[in-house]
Amino acid sequence: NSMEETVEVLDKCYAPEAQNGNPKALIGATVKGKGVSFMENQVGWHGVAPNDEQYEIAMADLNKILAEK
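Residues numbered from 1 in each chain as written. Predicted model: local features only at pLDDT ≥ 70, side-chain atom pairs only at ≥ 80, totals over all residues. Heavy atoms only, no water.

## Some remarks on unusual backbone geometry
Thinking step 1. Look at Asn41: it is not a glycine, yet its phi comes out positive at around 65°.
Thinking step 2. Turning to its location among the elements, Asn41 is positioned in the loop between α1 (3-13) and α2 (52-68).
Thinking step 3. Classification of Asn41 by relative accessible area gives exposed; the value is 54%. (Helix = DSSP H or I, 4+ residues; strand = E, 2+ residues; numbered from the N terminus. Buried < 20%, exposed > 50% of the residue type's maximum accessible area, 1.4 Å probe, protein only.)

## Brief notes about α2
Thinking step 1. With 17 residues, α2 extends 25 Å between its outermost C-alpha atoms, agreeing within 8% with the 24 Å of an ideal straight helix rising 1.5 Å per residue.
Thinking step 2. Where α2 begins, the capping side chain belongs to Asn51, and its oxygen is found 3.1 Å from the backbone nitrogen of Glu53. (Expected span 1.5 Å × (residues − 1). Polar contact = N/O pair within 3.5 Å; in protein donor to acceptor, adjacent residues only side chain to side chain.)

## Some remarks on the pattern of salt bridges
Thinking step 1. Inspection of the entire model under this criterion finds 1 salt bridge.
Thinking step 2. Here Lys12 makes a salt bridge to Glu8, at a shortest N to O gap of 3.5 Å. Taken as a pair, Lys12 and Glu8 lie in helix α1 at a separation of 4 residues, close to a single helical turn.
Thinking step 3. The exposure class assigned to Lys12 is exposed, which follows from its relative accessible area of 56%.
Thinking step 4. Accessibility expressed as a relative area gives 44% for Glu8, which makes it partly exposed. (Salt bridge = Lys/Arg side-chain N within 4 Å of Asp/Glu carboxyl O.)

## Regarding the environment of Lys64
Thinking step 1. Residue placement: Lys64 occurs in helix α2.
Thinking step 2. For Lys64, a relative accessible area of 55% corresponds to the exposed category.
Thinking step 3. Separated by 10 residues in the primary sequence, Lys64 and Gln54 place their C-alpha atoms 15 Å from one another.

## Let's talk about a nonpolar patch on the surface
Thinking step 1. Together, Val9, Leu10, Tyr14 and Leu26 line one region of the surface with nonpolar side chains, adding up to about 370 Å² of accessible area.
Thinking step 2. For Tyr14, the location among the structural elements is in the loop between α1 and α2.
Thinking step 3. Here Tyr14 falls in the exposed class, since its relative accessible area comes to 57%. (Patch = residues over 30% accessible without salt bridge, like charges linked within 9 Å, V, L, I, M, F, W, Y side chains within 5 Å. Areas by Shrake-Rupley, 256 points an atom, 1.4 Å probe, with all protein chains shown as cover.)

From the geometry alone we can't say anything about function, so treat these as descriptive.
Structural data, given as structure tokens:
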């Protein structure tokens, strides 16, 4: 759930010195719906779009997290 860590790993995987012909994979231990009060750790939300009201709640949750940083 850290974009900085994800970008760092991707940069290492795709750096010229890492291009040796071997396949690469990035496996992450993530939390579905991280930071959204009604979605976090709720498998049923995987691949499901929120309605307008749920969207507003989700965006408020995420904006609160961003404001805290």
